[in-house]
Amino acid sequence: MIDPLGALTEAFTSFLFGKVETTRLPVRTSTGQAQAVYLPTAAPGLGDSGVIIGREVYSGKGYIYDPFQLYGQQLPAPHWLVLGESGNGKSALEKTYVLRQLRFRDRQVVVLDAQGEDGVGEWNLIAQELGITPIRLDPTAALNGGIRLNPLDPSITATGQLALLRTIIEVAMGRGLDERSGFALKVAHAYVTDTITHRQPVLTDIVEQLRHPEAESAEAMNVDIDDVRAWGLDVALVLDRLVDGDLRGMFDGPTTAGIDLDAPLIVFDLSHIDRNSIAMPILMAIVGVWLEHTWIRPDRKKRIFLVEEAWHIINSPFVAQLFQRLLKFGRRLGLSFVAVVHHLSDVVDGAAAREAAAILKMASTRTIYAQKADEARATGRVLGLPRWAVEIIPTLTPGIAVWDVNGNVQVVKHLITEAERPLVFTDRAMTEASAMSEASAMPTDEARAIQEAADAEAEARAEAMAMERQWRDESSETVA
């Protein structure tokens, strides 16, 4: 029954002040029900095929990444750039990614391992676990039956050999070859490859021909023989370092027999080479070109070429040009190039800024771990990251990174299984272990799920779809 006095009062106040909203009593509810007011949102994932990296931080969804599955659809190129300061989880990501990729039968990985401790590279433990012997390039061991890679290996085309010789010389000299020196090198190389057919030509043959050029070589260009000898003198002196200098033994003989290029994992251990010396980019150039002609084949295998300390490649215009060709060529044959760099400023401000920009452009996937604020801003400008991602990079904790996969930007926590942990955190990484405890701490059940999911693509797909369904079910319950 309506109270007449109350109705009269409400009508009078409405006339004076307008309609007055009724004050409602507070409602007591659970967070599960109240979250329907603010519906959960998350960026779309990358699909459910490939290897599990971890979890997307904001939604909790499983994060799966595979450049071979995404290429041509979400990725214009399968190449990947990993950035970040030491101690934030780059090494752990690389190793677990490779281990999980190798569970697929059509995967093969080459690693240029430029870091190490106690006389071995940091990938040595993983190689041992897989029953693989690293290819250790060591100037001291090379003289006593160690590993050799021949830049004049017959498996490399004549054009590739000449390009590699020019790169070695230009890296060592720090400048490009002039026309006269280039002519002297070309003449010496052509003579050696034409006349030495009973064995593999070696660098000693090139040096000898530069010092003592044939008369017909000079006559062909209508120049004096002494001029040709003078033009090739600087070239001979540079190559002599590989023959009789501090790098002797590694490149001045036939390629060592028995290098297994069909193994699922091939590790080139460069840890015995001074990382700050001119030898490192020379080594990477020789290994890169040798692999281009001996390893990459149209056999439907998916190959991963992972380079640590990649600034040795990207920061040298001559080596970068070789790898640019490799990256362009490799896309057609299923090659994913992974470059690991500490700071982007190491390469974009260097002598090879133009070449570095071209390689960075081909890397459609970028993973950025914690950096200082000024470095993060510079990285954001170069890579075109959104503002929110740039602001969050300095606050990232170890094991968490910003992933930019062709514009799909998410924050991902890398997860490591119990089986992987002893292989990932080597002696060298123990100084980083306390900072990375959060990234390595993973529940046993979750570790088992990820391990099983990596066994086959179908299992990875089922795991991801299950996580998606659970998220959707929870969302629909909150809405209901």
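Residues numbered from 1 in each chain as written. Predicted model: local features only at pLDDT ≥ 70, side-chain atom pairs only at ≥ 80, totals over all residues. Heavy atoms only, no water.

Asks: Honestly, empty space enclosed by the protein in this entry has me stumped. Any pointers?
Replies: If a probe as big as a water molecule is rolled over the atoms, it shows which places are left empty. Scanning all chains against the criterion turns up 3 cavities of 30 Å³ or more. Of all the secondary-structure elements, those providing two or more residues to the lining of the second largest cavity are strand E3 (80–83), strand E10 (335–341) and helix H17 (353–362). For the lining of the second largest cavity, the class distribution of residues is 9 nonpolar, 1 polar and no charged. (1 Å grid on protein atoms, 1.4 Å probe; cavity = no way out; pocket = protein on both sides within 12 Å on 5 of 7 lines; lining within 4 Å. Points joined across faces, edges and corners; volume = space filled by probe spheres on them. Helix = DSSP H or I, 4+ residues; strand = E, 2+ residues; numbered from the N terminus. Nonpolar A, V, L, I, M, F, W, Y, C, P; charged D, E, K, R; others polar.)

Asks: When you look at a nonpolar patch on the surface in this model, what are you seeing that I'm missing?
Replies: A cluster of nonpolar side chains, Val57, Tyr58 and Trp388, forms an exposed patch at the surface whose accessible area comes to about 320 Å². Assignment of secondary structure puts Trp388 in helix H19 (residues 387–392). Classification of Trp388 by relative accessible area gives partly exposed; the value is 38%. (Patch = residues over 30% accessible without salt bridge, like charges linked within 9 Å, V, L, I, M, F, W, Y side chains within 5 Å. Areas by Shrake-Rupley, 256 points an atom, 1.4 Å probe, with all protein chains shown as cover. Salt bridge = Lys/Arg side-chain N within 4 Å of Asp/Glu carboxyl O. Buried < 20%, exposed > 50% of the residue type's maximum accessible area, 1.4 Å probe, protein only.)

Asks: Would you mind going over the sheet that holds E3 with me for this structure?
Replies: Hydrogen bonding along the main chain pairs the strands of a sheet, whether they run parallel or antiparallel. An order of E2-E1-E13-E12-E11-E3-E10-E9-E4-E8-E7 is seen for the 11 strands of this open sheet, with the pairing classed as mixed. Because the sheet does not close on itself, it has two edges, and the strands there are strand E2 (62–65) and strand E7 (135–136). Here strand E1 (residues 51–56) runs beside E2; their pairing, made up of 4 bridges, is antiparallel. Of the residues in E2, the one forming a bridge with Ile52 is Ile64. Across the sheet, helix H4 (residues 90–101) lies against E1, E2, E3, strand E4 (107–113), strand E8 (265–269), strand E9 (302–307), E10, strand E11 (365–368), strand E12 (400–405) and strand E13 (408–414), angled at about 135° from E1, the strand it touches most. (Pairing = 2+ DSSP bridges. Contact = heavy atoms within 4.5 Å. Axes fitted to C-alpha atoms, helices over the stretch in contact; angles between N-to-C directions.)

Asks: Please explain the side chain of Asn408 as it appears in this structure.
Replies: Examined against the element boundaries, Asn408 turns out to sit in strand E13. When its relative accessible area of 15% is taken as the criterion, Asn408 is described as buried. At 3.0 Å, the side chain of Asn408 forms a polar contact with the side chain of Gln410. With sequence-adjacent residues up to four places away left out, Asn408 is seen in contact with Pro44, Gly45, Leu46 and Trp403. (Polar contact = N/O pair within 3.5 Å; in protein donor to acceptor, adjacent residues only side chain to side chain.)

Asks: Which parts of the structure should I look at to understand the nonpolar core?
Replies: One recurring pattern in soluble globular proteins is that nonpolar side chains are buried together. Counting residues in each nonpolar core, the largest one holds 96 residues, and the members touching the most others are Leu149, Leu239, Phe268 and Phe305. Top element by residues in this core is helix H13 (residues 279–294). It accounts for 11 residues. Listed in part, the 34 residues of the second largest apolar core include Ile53, Phe104, Tyr369 and Val405. (Core = buried A, V, L, I, M, F, W, Y, C linked by side-chain atoms within 4.5 Å.)

Asks: Teacher, can you tell me more about the packing of aromatic side chains here?
Replies: Aromatic ring pairs are reported here in terms of the distance separating the ring centres and the angle at which the planes meet. Taken as a whole, this structure holds 12 aromatic pairs when the rule is applied. Ring geometry for Trp80 versus Trp403: centroids 5.3 Å apart, planes at 35°, classification tilted. Of the two residues, Trp80 sits in strand E3 while Trp403 sits in strand E12, which places them 323 residues apart along the sequence. Judged by its relative accessible area of 2%, Trp80 is buried. Residue class for Trp403 comes out buried when judged on its relative accessible area of 1%. Where Phe323 meets Phe337, the ring centres are 5.9 Å apart and the plane angle is 50°; that geometry is what we call tilted. Of this pair, Phe323 sits in helix H15 (residues 317–331) while Phe337 sits in strand E10; the two residues are 14 residues apart in sequence, bridging distant segments of the chain. For Phe323, a relative accessible area of 2% corresponds to the buried category. (Phe/Tyr/Trp six-rings, centres within 6.5 Å; stacked < 30°, edge-to-face > 60°.)

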